[in-house]
Amino acid sequence: MKDLYTFDLSSEAAIQTYQQVQAAYRAIFDEINVEILVAEASSGDMGGNHSHEYHLADSTGEDTIAHCSGCGYTANDEVAVSRAKPQDSIDAAVASSYGVWRGITKDRNTLINAWYPQDNGGRPNLHVVKSLVPELDTSVHETLPLWEAAVESPETALVNIIDGRLASGFGKIHSKLSLLPGELQDDFIGPQFATSTSANGEGLNLLALAEGDGCPRCESGTLEINKALELGHTFYLGTRYSKPLEALVSLPEKPSQPIPIQMGCFGIGVSRIFGAVAENRADDRGLNWPRAIAPFEVAVIPSSAVNDETLAFFDSLTSQSFDAVLDDRKKAFGWKMKDADMTGYPVVVILGKAWRERNVCEVQCRRLELKEEVAASDLPQFLEQLLQKL
C-alpha cells in the first residue's frame, strides 16, 4: 500500500487537502493510462464524514459501481441510490406486491422489516435501510434465530420500513402481511413503528440498483451498473480519531482553547494495481501493460543472431532514453514473439529481413492493433509518438 495521513487546523483546510490528494490520485491513474471511476463510498469501520473509492471497471471485480450517463454521478452500490420509478405501476393494496427483507440491529434490540415491491426479485438497497437504522447489522444473513431470541424481551422493538410505492396501502393491508415469521407473531410483545419517508421527507426507494434506473442527481440521466476492481480509497476523517485521542493543537490567536486536528486518510493499493491492470488488459495472447508500469516499454526482437550491428542499433535506442530490452536469447524467433506477447510489452520492434536489407524495422503494438514498417532513422520519433498513446 501507499498510505498517507494528513492533519489540518480546520475542516475547510482539510477538505482542500482532500481535494488536492484526489487530484494527485487522478494524475497517477492518468499516468498509468487506466480509466478510473471515482465513486462515492461508505467510510465503513474507518469512519469519517465521507470517502471516495477509485475503481477500474472490470467484469471480474468484487465491487458494483453505479455511474450516470448524464451528470457523471458515480457511487459504490453500498451507498448509491436511484430515482424512484412511478408509483402507479404497483398495486399497494395487494399482499402479493410486497416483498420483505428482515434484519436486526447490532444490540439485538430492534427488528427491521424492509418492505419493497415484490417484482424487484431480490433484497432491497440496504444503504437506504441503514440510513434510517444506523445500527443495522448488515453482516447477519440468517436472522430467524436472532429474532427468536429477541422477541422474548419487552424492550425489543419492531420497525417496518416501507418503500414509498407501497406506503399508500401498507396501513390497510399490514394485518395480512407476515410482520413476524411463523409462530413469532404470537410471542412479540414490544412496540412497533413504521416509516415510509427519508429524513428530508421524500418517499423511500428501497429497490436495489438496476441498469437503466433514473439518476438521483439529474432528471435526464440513467444509471449504468458495472463490476469494478478497487485500486484506492480516500477518507475525510474529521475529528473521528483526534477527539477521543485528544490530539489537540493550540492556535496563536486562541492559545488557551486547543482544538482537535482535522484528519484525512488516503491509500493506493500498489500491488493491487498490477493485478487489476493485468486482469483488465490481458487478452488471449497474454498480458498487455500500459507504458508506465510495463517491465520495458519497447522490446527489440531480431529474427536472426545478434551481431555488432544489432547491438549498435539497440544502444542508439537506449541512449535516447527509451526503456528498451533486447531479446538476445538463443531461442527461435517465433518463440521470442510468443514470449513477448505473454509478457505484454507495449511495443515490439522486429529486426527482420527488411532491417538487414533496407534498414527498415517492423513496429507492432497489440493494444492499438498496429503493425507498421518504419525506417530506422525515423524510429525514435515514431516510438515517442506511439508511446504517448500508451
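All values derive from a computational prediction rather than experimental measurement.

Asker: What exactly am I supposed to notice about the sheet that holds strand E14 (residues 298-302) here?
Answerer: Backbone hydrogen bonds are what pair the strands of a sheet, in a parallel or an antiparallel way. If you walk across this open sheet you meet the five strands as E15-E14-E16-E17-E18, and the pairing is mixed. Each edge of the sheet is formed by a strand with only one pairing partner; in this case those strands are strand E15 (324-326) and strand E18 (370-375). Recorded for the sheet is a direction-independent mean angle of 25° between the axes of neighbouring strands. The sheet contact formed by E14 and E15 spans three bridges and is parallel. Along E15, the bridge assignment pairs alanine 299 with valine 325. Helix H8 (residues 333-343) contacts E14, strand E16 (347-351) and strand E17 (360-365) of the sheet and is inclined by roughly 170° relative to E14.

Asker: I keep staring at the pairing of strand E6 (residues 98-104) and nothing clicks. Help me out?
Answerer: As a general feature of sheets, a regular strand has side chains that alternate between the two faces. Within E6, six of the seven residues are buried, which leaves the element mostly enclosed by the surrounding structure. Bridge analysis of E6 against strand E7 (residues 110-117) gives seven bridges, and the strand direction is antiparallel. Looking across to E7, one finds that tyrosine 98 is bridged to proline 117. Between E6 and the antiparallel strand that follows it, E7, lie five residues; arginine 108 among them carries a positive phi value of about 65°.

Asker: Please clarify how helix H1 (residues 11-32) should be interpreted in this entry.
Answerer: For an α-helix, the turn length of 3.6 residues means that residues three or four places apart are oriented alike. Taking 1.5 Å per residue as the helical rise, H1 with its 22 residues ought to reach 32 Å, and the 32 Å between its terminal C-alpha atoms agrees with that figure. Listed in full, the buried residues belonging to H1 are Ala14, Thr17, Tyr18, Val21, Gln22, Tyr25, Phe29 and Ile32. All buried residues of H1 fall inside an arc of 145° around its axis, so they share one side. In H1, the exposed residues that point more than 90 degrees away from the buried face are Glu12, Asp30 and Glu31. Buried positions along H1 lie against strand E1 (2-8), strand E2 (36-41), strand E3 (50-57), strand E10 (223-238), strand E13 (262-268) and helix H6 (270-281). At the C-terminal side of H1, asparagine 33 shows a positive phi close to 65°.

Asker: What's the story with the side chain of asparagine 205 in this structure? I'm lost.
Answerer: Along the chain, asparagine 205 turns up in the loop between strand E9 (192-195) and E10. According to the relative accessible area criterion, asparagine 205 is buried, its value standing at 11%. Within the local environment of asparagine 205, its side chain forms a polar contact with the side chain of arginine 165, the two groups lying 2.3 Å apart.

Asker: Any chance you could explain the UniProt feature "domain: Anticodon-binding" (unreviewed entry) in the protein here in plain terms?
Answerer: Sites flagged by UniProt as "domain: Anticodon-binding" (unreviewed entry) map to residues 297-385. Segment residues 297-385 splits into 39% helix and 28% strand. End C-alpha atoms: 13 Å apart.

Asker: Help me understand the side chain of arginine 366 in this model?
Answerer: Mapped onto the elements, arginine 366 comes out in the loop between E17 and E18. Looking at arginine 366, the relative accessible area reads 16%, which means it is buried. Within the structure, arginine 366 has its side chain in polar contact with the backbone oxygen of leucine 287 (distance 2.6 Å). Polar side-chain contacts of arginine 366 include one of 3.3 Å to the side chain of aspartate 341. What arginine 366 contacts, discounting residues up to four positions off in sequence, is Asp283, Arg285, Gly286, Leu287, Asn288, Asp341 and Pro346.

Asker: I would appreciate a short explanation of the nonpolar core in the present structure.
Answerer: Counting residues in each nonpolar core, the largest one holds 23 residues, and the members touching the most others are Val300, Phe313, Val347, Val349, Val363, Leu379 and Leu383. Listing elements by their share of this core, those giving two or more residues are E14, helix H7 (308-318), E15, E16, E17 and helix H10 (379-387). With five residues, the single largest contributor to this core is H10. When near neighbours in sequence (up to four residues on either side) are disregarded, valine 349 contacts Val298, Ala299, Val300, Ile301, Phe313, Cys361, Glu362, Val363, Leu379 and Leu383. Core analysis: the next-biggest nonpolar cluster, separate from the first, contains 22 residues, Ala14, Tyr25, Val38 and Leu229 among them.

Asker: Quick question: what am I supposed to make of the pairing of E18 here?
Answerer: Both E17 and E18 contribute to a ladder of six bridges, which runs antiparallel. Bridge assignment links glutamine 364 to a residue of E18, and that residue is lysine 371. Where E17 folds back on E18, the antiparallel hairpin that results is connected by four residues, among which glutamate 369 adopts a positive phi of roughly 50°.

Asker: I'm lost on the state of the cysteines in this one. Help?
Answerer: Here, disulfide denotes a covalent bond that connects the sulfur atoms of two cysteines. This structure, assessed with the given rule, holds zero disulfides. Summary of cysteine pairing: cysteine 218 is not part of a disulfide, and the nearest cysteine sulfur, belonging to cysteine 68, is at 3.7 Å. Of all cysteine sulfurs in the structure, the one in cysteine 361 sits closest to cysteine 365, which takes part in no disulfide; the separation is 16 Å.

Asker: Before we go on, may I ask you to explain the environment of glutamine 257 in this structure?
Answerer: Assignment of secondary structure puts glutamine 257 in strand E12 (residues 254-260). Assessed through its relative accessible area of 47%, glutamine 257 is described here as partly exposed.

Reading the values: the criteria
- Position labels on residues start from 1 in each chain and follow its written sequence.
- Only residues with pLDDT of at least 70 get local features here, since the model is predicted, and only at 80 or more are side-chain atom pairs given and counted; chain-wide, interface and lining totals rely on the full set of residues.
- Hydrogens and water are ignored here; the side-chain numbers use all heavy atoms of the structure.
- The criterion for strand pairing is that DSSP finds at least two bridges linking the strands in question.
- In this description a helix means any DSSP run of H or I spanning at least four residues, a strand means any run of E spanning at least two, and both kinds are numbered starting from the N terminus.
- Angles run from 0 to 180 degrees between N-to-C directions of axes, and those axes are lines fitted to C-alpha atoms, restricted for helices to the stretch in contact.
- Pairs of residues are marked as contacts when any of their non-hydrogen atoms sit within 4.5 Å.
- Residue burial is assigned from relative accessible area. The probe radius is 1.4 Å, only protein chains are included, and a residue is buried under 20% of its type maximum, exposed over 50%, and partly exposed in between.
- An expected span of 1.5 Å times one less than the residue number is assigned to each helix.
- Starting at the helix axis, one direction is taken to each C-beta atom, and the arc is that of these directions.
- Pairing of N or O atoms within 3.5 Å defines a polar contact, subject to two protein rules: one partner must be a possible hydrogen donor and the other a possible acceptor, and residues neighboring in sequence count only if both atoms are side-chain atoms.
- UniProt positions are given in the numbering used here, feature names are shortened, and annotations may be inferred rather than shown by experiment.
- In this text, buried Ala, Val, Leu, Ile, Met, Phe, Trp, Tyr and Cys residues form a nonpolar core when linked through side-chain atoms within 4.5 Å.
- Two cysteine sulfurs form a disulfide in these notes if their separation is within 2.5 Å.

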